[in-house]
Amino acid sequence: MINTDLHIHSCFCDGVDLPETIVLEAIKKGIKHLGIVVHSFVPFDKDFCLEENRYQEFIAEISKLKSKYKDKITLYAGIELDYYSTPNVSGFDYVIGAVHYIEKNGEYYSVDLSPEELKRAVEVGFFGNYMEFAKEYYLLVSKLCERPCDIIAHFDLITKYNDKYKLFDTESNEYKNAWQQSANELLKHNKYFEINTGAMFRVGKKEPYPSTEIINYLKERGAKFILSSDAHSKSAIAYNFEDYEK
Ligand SMILES: [Zn+2]
Ligand SMILES: [Zn+2]
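Note that the structure is a prediction, hence the values are computed from the model and not measured.

**Q** Teacher, can you tell me more about the sheet that holds strand S7 (residues 151-152) here?
**A** As a general point, the strands of a sheet are linked pairwise by backbone hydrogen bonds and lie either parallel or antiparallel. If you trace the seven strands from one edge of the open sheet to the other, you get S1-S2-S3-S4-S7-S8-S9, paired in parallel fashion. Both outer strands of the open sheet, strand S1 (4-9) and strand S9 (224-228), are each paired with one neighbouring strand and no more. Bridge count for strand S8 (residues 192-196) against S9 is five bridges, and the pairing is parallel. By the bridge assignment, Ile-195 is partnered in S9 with Leu-227.

**Q** Quick question: what am I supposed to make of the coordination of the zinc ion (ligand 2) here?
**A** Ideal geometry at a metal gives 109.5 degrees between four tetrahedral donors and either 90 or 180 degrees between six octahedral ones. Donor atoms from the polypeptide that bind the zinc ion (ligand 2) are His-7 (NE2), His-9 (NE2), Glu-80 (OE) and Asp-230 (OD), placed at 2.1 to 2.3 Å. Considering all four donor atoms around the zinc ion (ligand 2), the spread of angles at the metal, 81 to 168°, places the coordination shape in the irregular class. Written as a sequence motif, the donor residues of the zinc ion (ligand 2) are H-x1-H-x70-E-x149-D. The distance between the zinc ion (ligand 2) and the zinc ion (ligand 1) comes to 3.5 Å, and Glu-80 binds to both of them. Residue His-7 is located in strand S1, and its partner Asp-230 is located in the segment after S9; the two are separated by 223 residues in the primary sequence. As far as the burial class goes, His-7 and Asp-230 line up, both buried.

**Q** Looking at this model, I keep getting lost on the layout of surface pockets. Mind explaining?
**A** Here the idea is plain: a probe the size of a water molecule rolls over the atoms and shows the empty space left. A volume near 440 Å³ is recorded for the largest pocket. In terms of lining, the largest pocket is formed by 27 residues, of which the most central are Asp-14, His-39, His-100, Asp-112 and Arg-202. For the lining of the largest pocket, the leading source of residues is helix H7 (residues 198-202), giving three residues. Residue classes in the lining of the largest pocket are distributed as 10 nonpolar, nine polar and eight charged.

**Q** Just to check I follow, could you spell out the packing of aromatic side chains for this structure?
**A** To describe a pair of aromatic rings, one takes the distance between the centres and the angle between the planes. Inspection of every chain in the model, using the stated rule, returns 18 aromatic pairs. Plain terms: the ring middles of Tyr-76 and Tyr-94 are 6.4 Å apart, the flat faces sit at 80° to each other, and that makes the pair edge-to-face. Separated by 18 residues along the polypeptide, Tyr-76 in strand S3 (residues 74-82) and Tyr-94 in strand S4 (residues 94-98) bring together distant segments of the chain. Members of the aromatic cluster, joined through ring pairs, are Tyr-137, Tyr-138, Phe-155, Phe-168, Tyr-175, Phe-193 and Phe-225. Above the ring of Tyr-217, the side-chain terminus of Arg-221 is found at 3.5 Å from the ring centroid.

**Q** Teacher, can you tell me more about the side chain of Asp-82 here?
**A** Along the polypeptide, Asp-82 turns up in strand S3. Of the side chains with opposite charge, Arg-147 comes closest to the buried, unpaired Asp-82, at an N-O distance of 7.9 Å. Polar contacts involving the side chain of Asp-82 include one to the main-chain amide nitrogen of Tyr-84, which spans 2.9 Å. Among residues more than four places away in sequence, those in contact with Asp-82 are Ser-40, Val-42, Ala-98, Val-99, His-100 and Tyr-101.

**Q** What should I look at first to understand the pattern of salt bridges in this one?
**A** Two side chains carrying opposite charge are able to pair once their charged atoms lie near each other. Taken as a whole and assessed by the stated rule, the structure comprises 13 salt bridges. A salt bridge links Lys-68 to Glu-20; its shortest N-O distance comes to 2.7 Å. Taken together, the residues Lys-68 in helix H2 (residues 55-68) and Glu-20 in helix H1 (residues 19-28) connect sequence positions 48 residues apart. Close ionic contact of Glu-174 with Lys-135 constitutes a salt bridge, the shortest N to O distance being 3.0 Å. Of the two residues, Glu-174 is situated in helix H6 (residues 173-188) and Lys-135 in helix H4 (residues 130-142); the sequence distance between them amounts to 39 residues. Owing to a relative accessible area of 30%, Lys-135 belongs among the partly exposed residues under this scheme.

The rules behind these values
Residues numbered from 1 in each chain as written. Chains lettered and ligands numbered in written order. Predicted model: local features only at pLDDT ≥ 70, side-chain atom pairs only at ≥ 80, totals over all residues. Heavy atoms only, no water. Pairing = 2+ DSSP bridges. Helix = DSSP H or I, 4+ residues; strand = E, 2+ residues; numbered from the N terminus. Donors = N, O, S within 2.8 Å, 3.2 Å for Na, K, Ca; no water. Tetrahedral: all angles 85-135°; square planar, octahedral: opposite > 155°, others 65-115°. Buried < 20%, exposed > 50% of the residue type's maximum accessible area, 1.4 Å probe, protein only. 1 Å grid on protein atoms, 1.4 Å probe; cavity = no way out; pocket = protein on both sides within 12 Å on 5 of 7 lines; lining within 4 Å. Points joined across faces, edges and corners; volume = space filled by probe spheres on them. Nonpolar A, V, L, I, M, F, W, Y, C, P; charged D, E, K, R; others polar. Phe/Tyr/Trp six-rings, centres within 6.5 Å; stacked < 30°, edge-to-face > 60°. Lys NZ or Arg CZ within 6 Å of the ring centre and 35° of its normal. Lys, Arg positive; Asp, Glu negative; His and termini not counted. Salt bridge = Lys/Arg side-chain N within 4 Å of Asp/Glu carboxyl O. Polar contact = N/O pair within 3.5 Å; in protein donor to acceptor, adjacent residues only side chain to side chain. Contact = heavy atoms within 4.5 Å.

This is the structure we're talking about:
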């Protein structure tokens, strides 16, 4: 049984629950290794992240809970470091690298906020060309190998709304080349990849990130994986893990 979940957000950033509420729920669910993470600070979108001057407060809170519950669970303080954040990761137990935005002509477009925002990004920044947007996304993901991160978050986040809106063809060679180049780069740096069930819980996505095709490609090349829920509420902790244990 998978008893580890290292990607959970609390109310320190855009999650709803207190860290302690998360810890208690995780113990109830039989989790033995739990990582609570914050979204790193990005100055252009303050709604989802934690101010840098509060990082230590978060680490201190997790540290307090580590001792309080040490007989029941092993707790870690992580940071989900956005590509555009300052790589200030001191004091955190581990780092999950992520691309949530694409910068174009000085504007930062969210990759996953909503279908409307995605449409605006592609129309304004990429002349309506979703494939160019996807290629730019994977280029930035490949550059996460230069960041101090241990784990790559939601590798194909760009597909979040694709089940529903068919924005670009994930079967096309152009798309495959884009993600494969990115995957190859990250494989060279021996990063862990997430199998992330977050969007299955939140928007009813059919598969976790990344797609089965990408998981198989990575597995064949010796990639290491962790299973994570990217939970933003306690009910999503370890969501659907039983389906992806292997
Ligand atoms: Zn993320
Ligand atoms: Zn996250």
